Number of protein chains: 2
Amino acid sequence: MINEFNKLPGIGEKLAQRVAFHVLSLSDQEAEALADSIVQAKRSIKYCSVCGNLTENDPCDICRDTSRRQDVICVVESPKDVVAMEKVKEFSGLYHVLHGTISPMQGVGPDDINLKSLIVRLQDSNVQELIIATNPTIEGEATAMYIARLIKPSGIKVTRIANGIPIGGDLEYADEVTLLKALEGRREI
Amino acid sequence: MINEFNKLPGIGEKLAQRVAFHVLSLSDQEAEALADSIVQAKRSIKYCSVCGNLTENDPCDICRDTSRRQDVICVVESPKDVVAMEKVKEFSGLYHVLHGTISPMQGVGPDDINLKSLIVRLQDSNVQELIIATNPTIEGEATAMYIARLIKPSGIKVTRIANGIPIGGDLEYADEVTLLKALEGRREI
């Protein structure tokens, strides 16, 4: 059991041991409830066939929500990013979860991420704008550029979220590339 | 001496004590060289009468450098921000150092920062753009807005550096306001 816990992210050997001893101190019922929750979640949570996000229902609640804007799709790397965007509360469009980024160095090509279903989804849709919100890393940028090149001929507007100084941040502590992007991305006020 | 060192930023009691003992172990010459460097720097470094940056020569090297673009001024809060911007190497215009931000809560008004000299400087100049690079804090934003309102009637373009996800950052760990700004500031690619 210690070995199994140790394989989880953020759980080192010490913590795995501590958790394992805690589980041993639980009643049979409690331990079974924990084990069941893992099996149940694994069984009931699947990928949305439309957007690729994790969901219990297919299509997911966001894809089925007709009160959301149907003309804008935000493309993100992972389900965690959907959670982050939803916290902002300002975005009321739809999502598309790639489950990764294109990374030739690691042998991940366009066909290895959830991209084909985006192309299919955009055909016969009335989507006006695709907001690419992959992370501002080398892979995230490369993926954004790849998608932009792929989609733009269809006439759909493709935008990229802004890079710059985080709110509450300090120029003095910003790295040079971020400061350069902040300068390049300056807007009239 | 420990008390004096302790007053400096980032130097706590323990470190002050350690530094003080180190100074006592120096030769007379070395100790005098240290003391002299403080007095000399304090005596020779002054504010540039044009931009307000720290300098040994007045006007400062940046203000006198005719190879720099004379039609764009970047407004920053402190001399440290000039250092940060210069590291970027992409900005070749001039600076204006405010030495603070407008902060009514702390009783700092527009007249308490180096702002009047900016207005004077912009008259009879051929400055086309003012890039406001104050920090994205409440005071920094308020100061940016104040300056924009003050300058815009003169027809000079006033821009603000971008807020967003720092390069190499992760959507998942971005705070909500930064993510909102990244979304609002999205640009077509």
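Keep in mind the model is a prediction, meaning the values are calculated, not measured.

Here we take up the overall build of chain A. The secondary structure content of chain A amounts to eight helices and seven strands. Against the globule reference of 16 Å for 189 residues, chain A gives a C-alpha radius of gyration of 21 Å, more extended than a compact globule. Counting only C-alpha atoms and orienting by the principal axes, one finds that chain A spans roughly 60 × 50 × 35 Å. Every one of the 189 residues in chain A was classed for burial, and the buried ones make up 39%. In chain A, 46% of the contacts between residues at least 6 apart in sequence involve partners at least 24 apart. As presented, chain A carries roughly 11000 Å² of accessible surface, and 53% of it is formed by carbon and sulfur atoms. Side-chain charges in chain A split into 21 positive and 27 negative, and the spacing between the mean points of these groups amounts to 3 Å.

The pairing of strand 7 (residues 187–188) of chain A with strand 6 (residues 157–160) of chain B spans two bridges and is antiparallel. Bridged to A:Glu188 within strand 6 of chain B is B:Thr159. Pairing between strand 5 (residues 129–132) of chain B and strand 6 of chain B: four bridges, direction parallel. Looking across to strand 6 of chain B, one finds that B:Ile131 is bridged to B:Thr159. Viewed along the sheet, the connection from strand 5 of chain B through helix 7 (residues 138–151) of chain B into strand 6 of chain B turns out right-handed.

This next bit is on the sheet that holds strand 5 of chain B. In spatial order, the strands read 7(A)-6(B)-5(B)-3(B)-4(B); together these five strands make up an open sheet with mixed pairing. The open sheet terminates on both sides in strands that have one partner only, identified here as strand 7 of chain A together with strand 4 (94–97) of chain B. Sitting on the sheet, helix 5 (residues 79–88) of chain B touches strand 3 (72–76) and strand 4 of chain B, and the angle it makes with strand 4 of chain B is about 155°.

Here we take up the pairing of strand 4 of chain B. Residue and element names in this part refer to chain B. Side-chain alternation along strand 4 places Leu-94 and His-96 on one buried face and Tyr-95 and Val-97 on a second face that is also buried. Sheet topology places strand 3 next to strand 4; four bridges connect them, and they run parallel. Looking at strand 4, one finds that Cys-74 is bridged to Tyr-95.

Moving on: helix 5 of chain B. Residues of helix 5 of chain B that are buried: B:Pro79, B:Asp81, B:Val82, B:Ala84, B:Met85 and B:Val88. The secondary structure elements touched by the buried residues of helix 5 of chain B are helix 8 (176–184) of chain A together with strand 2 (54–55), helix 4 (61–64), strand 3 and strand 4 of chain B. Looking one or two places after helix 5 of chain B, you find B:Lys89, whose phi comes out positive at around 70°.

A few words on unusual backbone geometry. Residues and elements named next belong to chain A. Following Asp-58, the chain continues into Pro-59 via a peptide bond in cis, with omega recorded as -5°. Residue placement: Pro-59 occurs in the loop between strand 2 (54–55) and helix 4 (61–64). Of note, the phi angle at Asp-124 is positive, near 55°, even though the residue is not glycine. With respect to the helices and strands, Asp-124 occurs in the loop between helix 6 (116–122) and strand 5 (129–132). With a relative accessible area of 85%, Asp-124 lands in the exposed category.

Further remarks concern the relation of the copies chain A and chain B. Superposing chain A onto chain B takes a rotation of 180° combined with a translation of 0.0 Å along the rotation axis, leaving an RMSD of 0.0 Å. The superposition of one copy onto the other is thereby described by a two-fold rotation axis. Taking the C-alpha atom as reference, chain A places A:Gly164 closest to the rotation axis, 2.1 Å from it. Comparing contact sets, 100% of the residues at the interface of chain A also lie at the interface in chain B, consistent with an isologous, same-surface contact.

Reading guide: rules and limits
Residues numbered from 1 in each chain as written. Chains lettered and ligands numbered in written order. Predicted model: local features only at pLDDT ≥ 70, side-chain atom pairs only at ≥ 80, totals over all residues. Heavy atoms only, no water. Helix = DSSP H or I, 4+ residues; strand = E, 2+ residues; numbered from the N terminus. Rg over C-alpha atoms; globule rule 2.2 N^0.38 Å. Buried < 20%, exposed > 50% of the residue type's maximum accessible area, 1.4 Å probe, protein only. Contact = heavy atoms within 4.5 Å. Areas by Shrake-Rupley, 256 points an atom, 1.4 Å probe, with all protein chains shown as cover. Lys, Arg positive; Asp, Glu negative; His and termini not counted. Charge placed at Lys NZ, Arg CZ, Asp CG, Glu CD. Pairing = 2+ DSSP bridges. Right-handed = clockwise from strand over helix to strand, strands pointing away. Axes fitted to C-alpha atoms, helices over the stretch in contact; angles between N-to-C directions. Least-squares fit on C-alpha atoms with pLDDT ≥ 70 in both.

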